[in-house]
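Chain by chain, the residues:
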Amino acid sequence: ACEGATDKAKEAGLRAIAHLAFPQETKVSLLKTPGLVDALVVAAREGATDGIKYEGLGAIANLAVAPENAVPLSNTPGLVDALVRAACEGATDVI
């Protein structure tokens, strides 16, 4: 779905997802969107720019605030590794 999108478009899309995931009442329903978390993990781990990684991490951080999302997120393959990698690379100002 993201093939061919420019880096700026990817950043804008990820930023919009992060904003949509900010209100408490949308966190749980957004997490149920097919492919969303996998796309955020890819952005956080493999984003071509720091902006893509940053926005992906921001969306994950917003989703993670909901207690109901903790278990599904922590069970997502690659998510915790992506967070650890981001922390080791110094991208800790996301939250």
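What counts, and where the lines are drawn
Residues numbered from 1 in each chain as written. Predicted model: local features only at pLDDT ≥ 70, side-chain atom pairs only at ≥ 80, totals over all residues. Heavy atoms only, no water. Salt bridge = Lys/Arg side-chain N within 4 Å of Asp/Glu carboxyl O. Helix = DSSP H or I, 4+ residues; strand = E, 2+ residues; numbered from the N terminus. Buried < 20%, exposed > 50% of the residue type's maximum accessible area, 1.4 Å probe, protein only. Arc of directions from axis to C-beta. Phe/Tyr/Trp six-rings, centres within 6.5 Å; stacked < 30°, edge-to-face > 60°. Lys NZ or Arg CZ within 6 Å of the ring centre and 35° of its normal. Lys, Arg positive; Asp, Glu negative; His and termini not counted. Polar contact = N/O pair within 3.5 Å; in protein donor to acceptor, adjacent residues only side chain to side chain. Contact = heavy atoms within 4.5 Å. Core = buried A, V, L, I, M, F, W, Y, C linked by side-chain atoms within 4.5 Å. Axes fitted to C-alpha atoms, helices over the stretch in contact; angles between N-to-C directions. Parallel < 35°, antiparallel > 145°, perpendicular 65-115°, else oblique. Left-handed = near helix turned anticlockwise from the far one by under 90°. Nonpolar A, V, L, I, M, F, W, Y, C, P; charged D, E, K, R; others polar.

Novice: It is not clear to me how the pattern of salt bridges should be interpreted in this structure. Could you clarify?
Specialist: One side chain can pair with another of opposite charge once the charged atoms of both are near each other. For the structure on display, the rule yields one salt bridge. In this structure, R15 and E55 form a salt bridge, with 3.1 Å as the shortest nitrogen-oxygen distance. Here R15 is found in helix α1 (residues 7–20), whereas its partner E55 is found in helix α4 (residues 50–64), with 40 residues between them in sequence. Overall, the relative accessible area of 13% leaves E55 in the buried class.

Novice: Is there a simple way to explain helix α2 (residues 24–31) in this structure?
Specialist: Among all positions of α2, only K27, L30 and L31 are buried. Here the buried residues of α2 occupy an arc of 90° about the axis, which is enough to place them on one side.

Novice: Quick question: what am I supposed to make of the packing of aromatic side chains here?
Specialist: Two descriptors summarise a pair of aromatic rings, namely the distance from one centre to the other and the angle between the planes of the rings. Taken as a whole, this structure holds zero aromatic pairs when the rule is applied. When the ring centre of F22 is taken as reference, the NZ or CZ atom of K27 above it lies at 5.6 Å.

Novice: What exactly am I supposed to notice about the side chain of K27 here?
Specialist: Locating K27 in the fold gives a position in helix α2. This buried residue, K27, is left without a salt bridge; E25 holds the nearest opposite charge, at 8.3 Å. Among the polar contacts made by the side chain of K27, one reaches the main-chain carbonyl oxygen of N62 at a distance of 3.0 Å. Non-local contacts of K27, meaning those with residues more than four positions away in its chain, are made with A21, F22, N62, L63, V65, A66 and N69.

Novice: Could you clarify how one ought to interpret the nonpolar core in this entry?
Specialist: Nonpolar side chains tend to gather and get buried jointly when the protein is soluble and globular. Counting 20 residues, the largest nonpolar core has V37, L40, L63, L73 and L79 as the members making the most contacts within it. Of all elements in the fold, only α1, α2, α3 (36–46), α4 and α6 (79–88) reach the threshold of two or more residues within this core. Per element, the largest residue contribution to this core is six residues, and it comes from α3. Dropping the residues within four chain positions of it, L40 is found in contact with L14, I17, G56, A59, I60 and L63.

Novice: Honestly, the side chain of T76 in this entry has me stumped. Any pointers?
Specialist: Turning to its location among the elements, T76 is positioned in the loop between α5 (70–74) and α6. For T76, a relative accessible area of 13% gives the class buried.

Novice: Just checking my understanding: could you explain the packing of α1 against α4 for this structure?
Specialist: Between two packed helices, the angle of one axis relative to the other and the distance separating the axes together describe the packing. Where α1 meets α4, the axes come as close as 8 Å, and the angle between the chain directions of the two elements is 15°. One finds that α1 runs roughly parallel with respect to α4. The chirality of how α1 crosses α4 is left-handed. Residues D7, K10, E11, L14, R15, I17 and A18 of α1 form the contact with α4, whose own contacting residues are G51, I52, E55, G56, G58, A59 and N62. Residue classes in the contact of α1 with α4 are distributed as five nonpolar, four polar and five charged.

The quantities given are spatial measurements derived from coordinates; they are silent on function.
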